[in-house]
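Fold and geometry: a report
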Amino acid sequence: MEATLPESGAVSGAPPRTRVARRTRSRSARDAWVFVACVAPNVALIIAFIYRPLISNIYYSTLDWSLGDRYATRVGFGNYVQFFTGSDAGTILGTTAIFTIATVGGSMIIGLALSLVLNQRLIGRGFARATVFAPYVLSGVGIGLVWTFIFDPTTGALSDILRGLGLSAPNWFGNPHLTLLMVIIVYVWKNLGYCAVIYLAALQAVPGDVLEAASIDGAGAWNRFWRVTLPLISPTTFFLLLTTILSSLQAFDLLYIISPQGYGTNTLMFATYYQAFQASQAGYSAAISTILFAILLIMTVIQMVLIERRVHYR
Amino acid sequence: MTASILQSPVRPASRRRRVNRSSPAGYVPLILSAAVIVIPLLWMAIGSFKTSDEVVTQRLVLVPSHPSFAAYQTASELVDFPRLFLNSFIVTFVGSLVKIVLAITSAYGLVFVRFPFKRIIFLGILVALMVPSQAALLPNYTFIASLGGVNTYWGIILPGLGTAFGTFLLRQHFLTLPPELLEAAEVDGAGHFTRLTRIVVPVSRPTIATVALVTIVTEWNDYIWPLVITNSQQMMTLPVGLTLLHNTESDPSLYPVMMAGAVLVVLPVLIVFAVLQRQIVAGLTQGAVK
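This structure is a prediction, so every number in the text was calculated from the model and none was measured. (Residues numbered from 1 in each chain as written. Chains lettered and ligands numbered in written order. Predicted model: local features only at pLDDT ≥ 70, side-chain atom pairs only at ≥ 80, totals over all residues.)

So, the overall build of chain A
For clarity, the cut-off: The way it works is that DSSP assigns letters per residue, a run of H or I at least four long becomes a helix, a run of E at least two long becomes a strand, and they are numbered from the N terminus. Contact criterion: two residues are in contact if their C-beta atoms, reconstructed from the backbone, are within 7 Å.
Within chain A, the secondary structure is distributed over 13 helices and 2 strands. The long-range fraction of contacts in chain A, counting pairs at least 24 apart against all pairs at least 6 apart in sequence, stands at 70%.

Written out as structure tokens, the structure reads:
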């Protein structure tokens, strides 16, 4: 590249001492403007579209209101009362909990197992690593459509295979528990590569001589894994736990494609969308998303503390 | 990958070897896990070349007997795919470009420009990284709608432009640049703009590319916001338009058409990923915060 600096000639004539003095005085003022020009647009956008909505949501959550209506009725905590005293609290919080625990547990455990496989010196493991990661970057809509096709109770490949084996094909879309299970399977399939790759990096940082020492002391592969490897990669486990919980709580596209009405898959995130944009209960939606936000906030605080720790480790 | 294989006989790898010894049995789980990922994707591609008859049967048709592009044709008759593609392209291109520029300037300001309260401002950006943007759906909708942004490109793009992820990643990178690099330029009288465009950006090209790739992929796949802010087919992005195909027709004979649509939305990212896999994986896992 050319490293010519066009302005460089302009000030070079001035004697060094005065130049520096003049510079430092005017520089801080000029720097302040430069800083504002550099950072303000981004900060303004973040405030307008990330922070402001959090406050608006709390306000909306006190209204009985549907999108497009000019007038709203103040109901105070009415929407929260409706949520916690009605049947929604049980089903929505329950579904959210099951979905989150199952997807986080599933993708972390399978991801860890996969990272152990990928950590061996095998030909083609680079390719396998990329393959396993690929679904993570693909559109949830595309992935949801493919799995809807595979799971179709009459024409799907899975049903064909099950029938071929002499088993009956369940109607995945007819039973809310099966629908939830199906969404969990697809979600884990899409996201386990993320856990696998992060675990793989952690495994590769485990010092070989520690494992060697354990091996000399007579620890078998099983013991080495549970007693040495797993404790050593525990910071990664904590980190993954929190990031995957955060993303599972916000999962939407797969759920919406596979089960558009939220049948069996009515999580907090799904309900936030559905109540506002399909059920015309914007105030209620805002209350649900405020509850979701409160949960995410707790997770975020824990995560921030953890990231701070991670930085100090290095 | 190949490099590590070639190097292994030279390196004193005997220690590690014994720990992760590779036996042929090790290939079974490797192949199995790759297959579990590849087969559904392959099934999508195969499905898109099938005829309705081959899909509707309860018999498993592995390979279509007369592979055809008919499904793609039907898909474009049901939904205006060129238009959806164009919309997705515009939204991804403009959105990513602005985001990357904002990320570069913000990170530069935070690292190289003297200003009080920098730490607090950075903390504010860092926290935004972990605030769920999806929970902001309704207030952002009412705000953009009140400005007349429903079914417009700017309405789709604007709320996502604030970039915490890119700023964070680039800031971390800029902090690793040797200060002498910029001090030299400063002594020569180079202004901030020159330092940014002539020094910081050129030496940070790989990191910027990583941020760009991750941003582009995320923008392309973005779903919930374009879903709520558009209701006219003319303005929908590709993933949103595909939903139309799915929701209006629940007829199983349309599966090839849906698979054709899925291929169209997945393939561009898959190609980019195949070529630039290393950078994308690094971008999404390093910093390790999405």
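Things to note about the overall build of chain B
Scanning chain B for helices and strands turns up 16 helices and 0 strands. A fraction of 77% describes how many contacts in chain B between residues 6 or more apart in sequence connect residues 24 or more apart.

Some details on the interface of chain A and chain B
Operational definition: Three classes are used: nonpolar for Ala, Val, Leu, Ile, Met, Phe, Trp, Tyr, Cys and Pro, charged for Asp, Glu, Lys and Arg, and polar for all others, with Gly counted as polar.
Listed as interface residues are 93 residues of chain A and, on the opposing side, 91 residues of chain B. Of all the elements, helix α1 (residues 16-60) of chain A adds the most residues to the side of chain A that touches chain B, at 21 residues. Residues of the side of chain A that touches chain B, tallied by class, amount to 57 nonpolar, 26 polar and 10 charged.

Points about the packing of helix α3 (residues 88-118) of chain A against helix α10 (residues 234-249) of chain A
All names here are of chain A. To keep it simple, the criterion reads: Every axis in this analysis is a line fitted to C-alpha atoms, fitted for helices over the stretch in contact. Angles between the N-to-C directions lie between 0 and 180 degrees. Comment on the angle field: the value is read as roughly parallel under 35 degrees, roughly antiparallel over 145, roughly perpendicular from 65 to 115, and oblique elsewhere. A crossing counts as left-handed when the near helix is turned anticlockwise from the far one by less than a right angle, and as right-handed when that turn is clockwise.
α10 packs onto α3 with a crossing angle of 135° between their chain directions and a minimal axis gap of 9 Å. Here α3 is positioned oblique relative to α10, judged by the angle of their axes. As α3 runs across α10, the sense of the crossing is right-handed. Where α3 abuts α10, its residues T96, F99, T100, T103, V104, S107 and M108 lie against L240, L241, T244, I245, S248 and L249.

Side note on the packing of helix α7 (residues 176-204) of chain A against α10 of chain A
All names here are of chain A. Closest axis-to-axis distance for the α7/α10 pair is 10 Å, and the angle between their directions is 160°. Taken as axis vectors, α7 and α10 run roughly antiparallel relative to one another. Where α7 crosses over α10, the handedness of that crossing is right-handed. Of α10, the residues touching α7 (which contributes C195, I198, Y199 and A202) are T236, L240 and T244. Taken together, the residues of the contact of α7 with α10 sort by class into 5 nonpolar, 2 polar and no charged.

Notes on the environment of F277 of chain A
Quick reminder of the rule: Here a residue counts as buried when 20 or more other C-beta atoms sit within 10 Å of its C-beta, as exposed when there are 12 or fewer, and as partly exposed otherwise, the C-beta atoms being derived from the backbone.
Tracing the sequence through the fold places F277 of chain A in helix α12 (residues 268-277). Residue classification places F277 of chain A among the partly exposed positions, given that 18 C-beta atoms sit within 10 Å. Separated by 111 residues in sequence, F277 of chain A and G166 of chain A have C-alpha atoms that sit 43 Å apart. Residues contacting F277 of chain A, with those up to four places away along its chain left out, are L67 of chain A together with V228 of chain B.

Concerning helix α4 (residues 125-137) of chain A
The criterion, for reference: How far a helix is expected to stretch is found by multiplying one less than its residue total by 1.5 Å.
Counted at 1.5 Å a residue, the expected span for α4 of chain A with its 13 residues is 18 Å, and the 19 Å between its end C-alpha atoms agrees. Within α4 of chain A, 11 of the 13 residues are buried, which leaves it mostly tucked inside the rest of the structure. Those residues of α4 of chain A lying buried are R125, A128, R129, A130, T131, V132, F133, A134, P135, Y136 and V137 of chain A. The inward-facing, buried residues of α4 of chain A contact α3, α5 (140-151) and α7 of chain A together with α3 (27-48), α13 (205-221) and α16 (255-285) of chain B.

Focus: α3 of chain B
Residues lying three or four places apart along an α-helix face the same way, a consequence of the helix completing one turn every 3.6 residues. The first and last C-alpha atoms of α3 of chain B sit 31 Å apart over 22 residues, in line with the 32 Å expected at 1.5 Å per residue. Taken residue by residue, α3 of chain B has L30, S33, I37, L41, M44, G47 and S48 of chain B as its buried positions. Tucked inside the fold, the buried residues of α3 of chain B contact α3, α4 and α5 of chain A together with α4 (52-56), α5 (70-78) and α16 of chain B.

What to know about the environment of I280 of chain B
Inspection of the secondary structure assignment puts I280 of chain B in helix α16. On the basis of neighbour counts, which here come to 24 C-beta atoms within 10 Å, the residue I280 of chain B falls in the buried class. Linking I280 of chain B and E54 of chain B, residues 226 residues apart in sequence, is a C-alpha distance of 37 Å. Each residue touching I280 of chain B, except ones within four places of it in the same chain, is listed here: V137 of chain A together with L213, V214, V217 and F273 of chain B.

Quick word on unusual backbone geometry
For S280 of chain A, which is not a glycine, the phi torsion comes out positive at approximately 55°. Structurally, S280 of chain A can be placed in the loop between α12 and α13 (282-313). Residue classification places S280 of chain A among the partly exposed residues on the basis of 14 C-beta atoms within 10 Å. Residues other than glycine seldom take positive phi values, yet N151 of chain B does so here, at roughly 60°. Looking at the element boundaries, N151 of chain B is found in the loop between α8 (137-146) and α9 (153-157).

Describing the confidence of the model for chain A
As a reminder of what qualifies: Per-residue confidence from the prediction method is given by pLDDT, with values spanning 0 to 100.
The pLDDT averaged across chain A works out to 84; a share of 89% of its residues lies at or above 70. This stretch, residues 1-15 of chain A, has a pLDDT under 50; its non-local contacts, to residues over four places away or in other chains, come to 19 contacts.

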